[in-house]
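Each chain is listed here by its residues.
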Amino acid sequence: MQLTTTIRSPGALALGAFFAAVTARTIFDDVVSGAPATIAHLNAAAALVAAIASGHLVLPTLWQGRVSAALGLALIFVASTGYIVTSAGARNAEVSQHKASQIVKTNEERASLKGKVSEAETDVDEAKDAHDKAKRAAKTECDSGKGKRCDGKIETRDYAAKDLEKAESHAALTRGKLSLLGPEEQPFAGYKHAARVFASAGYGEANVIEARLELQMPFVLVLITEVSTLVFLGMGLGHRRLVLRSNSRKGTCKSEANEERQDPSPEVHKSEPTSASVPARVGRAEQVKTFCRWFREQTGREPTFSEVRDGLNLPAATASKYRRAALA
């Protein structure tokens, strides 16, 4: 029995390719951002290919009766999927944590600037009071006539005016820096709001739910894309069985193409291989020899034990014995 891969659904295949591209983009996000490609990135690419290939081939291999190979593919699938989810999820967690750290840092800068704005405004008020006092003193002194004392008061008034101008300029600059930082933000604000919604619905305490979301969501996102890749590729790609059978009455050997049960298709039977004559009254050894020669001409390789057994409807021991003799 042979298995060939067929396309069941181009739409599902396109969806699988899309989610595979999303997974790959997640894995190589730092490379896209300019970081150098390393051995870790090569391993991640190999794990992605291994997960897709093993997930697609594990069941067909099991159908062929190759249990050891199927178990190996299942192990590869579990290990590679776990590696991808863990590594990409950790990278997502790092990105989320970096964003939260930037928000915290900005909030600290904003708090510091608020204090400086308050100090600058206090300096402006003090400068205004000093300027007003200097103006009144200069006016009082100079109203009685100009002299040295009047000139001194005027000079003091002018210095007070310059100090006020500097204080107002510094306050305006500080307020401008504060406005550039924008409104205050909260790290993980989305998770916090979602936790409050779940808590209001009775799913637990908001702080506990928020901590779980922060911990699990980076990995859940990668798991969704990875599983979606495998599911949609499995829906888009199928497997066709080629079962070789002999007809003892007519002395012919035919190949029947049967689609797997999940996807019966009328187009499968359009490309049946040409039959080869196997004499009906000759011995088993000659039948197996003729069958092997026909199979080699049709496929370009030697038939396996199960293909000889199923193709000629022979007992297992007989098929094994005469196949070895025919191949020798």
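Residues numbered from 1 in each chain as written. Predicted model: local features only at pLDDT ≥ 70, side-chain atom pairs only at ≥ 80, totals over all residues. Heavy atoms only, no water.

**A word on the state of the cysteines**
Tallied over the entire structure, the rule returns 1 disulfide. Between the sulfur atoms of Cys142 and its disulfide partner Cys150 the distance amounts to 1.7 Å. The sign of the 100° torsion about the S-S bond sets the Cys142-Cys150 disulfide as right-handed. Classification of Cys150 as buried rests on a relative accessible area of 1%. (Disulfide = S-S within 2.5 Å. Buried < 20%, exposed > 50% of the residue type's maximum accessible area, 1.4 Å probe, protein only.)

**Here's the deal with the packing of helix H1 (residues 10-27) against helix H3 (residues 39-63)**
For the pair H1 and H3, the least separation of the axes is 10 Å and the interaxial angle reads 160°. Put simply, H1 runs roughly antiparallel to H3. Considering the relative orientation of H1 and H3, their crossing is right-handed. Mapping the contact onto sequence places Ala20, Thr23, Ala24 and Ile27 in H1 and His41, Ala44, Leu48 and Ile52 in H3. In terms of residue class, the contact of H1 with H3 is built from 6 nonpolar, 2 polar and no charged. (Axes fitted to C-alpha atoms, helices over the stretch in contact; angles between N-to-C directions. Helix = DSSP H or I, 4+ residues; strand = E, 2+ residues; numbered from the N terminus. Parallel < 35°, antiparallel > 145°, perpendicular 65-115°, else oblique. Left-handed = near helix turned anticlockwise from the far one by under 90°. Contact = heavy atoms within 4.5 Å. Nonpolar A, V, L, I, M, F, W, Y, C, P; charged D, E, K, R; others polar.)

**As for a nonpolar patch on the surface**
Taken together, Leu59, Leu62, Val67 and Leu71 make up a surface patch of nonpolar side chains, about 380 Å² in accessible area. Breaking the nonpolar patch down by element, the ones donating at least two residues are H3 and helix H4 (67-143). Note on placement: Val67 falls in helix H4. (Patch = residues over 30% accessible without salt bridge, like charges linked within 9 Å, V, L, I, M, F, W, Y side chains within 5 Å. Areas by Shrake-Rupley, 256 points an atom, 1.4 Å probe, with all protein chains shown as cover. Salt bridge = Lys/Arg side-chain N within 4 Å of Asp/Glu carboxyl O.)

**Comments concerning the nonpolar core**
Ranked by size, the top nonpolar core spans 9 residues in total: Val288, Phe291, Cys292, Trp294, Phe295, Val308, Leu312, Leu314 and Ala319. Breaking this core down by element, the ones donating at least two residues are helix H8 (284-299) and helix H9 (305-312). Counting residues per element, this core draws most heavily on H8, at 5 residues. In this structure, Ala44, Leu48, Ala51 and Ile84 belong to the second largest nonpolar core, which totals 8 residues. (Core = buried A, V, L, I, M, F, W, Y, C linked by side-chain atoms within 4.5 Å.)

**Some thoughts on the confidence of the model for the protein**
This prediction gives the protein a mean pLDDT of 78; 84% of its residues lie at or above 70. Counting interchain partners and residues more than four positions distant, the pLDDT-below-50 stretch residues 246-281 has 68 contacts. (pLDDT = per-residue confidence, 0-100.)

**Notes on H8**
An ideal rise of 1.5 Å per residue puts 22 Å on 16 residues; H8 measures up with 22 Å between its terminal C-alpha atoms. Buried within H8 are the following residues: Gln287, Val288, Thr290, Phe291, Cys292, Trp294 and Phe295. In the stretch just after H8, Gly300 is the one whose phi turns positive, near 80°. (Expected span 1.5 Å × (residues − 1).)

**Considering the side chain of Arg110**
Looking at the secondary structure, you find Arg110 in helix H4. Reaching out from Arg110, the side chain makes a polar contact with the side chain of Asn107 at a distance of 2.6 Å. Residue contacts for Arg110: discarding those within four places in its chain leaves Leu178, Leu181, Gly182, Pro183, Glu184 and Glu185. (Polar contact = N/O pair within 3.5 Å; in protein donor to acceptor, adjacent residues only side chain to side chain.)

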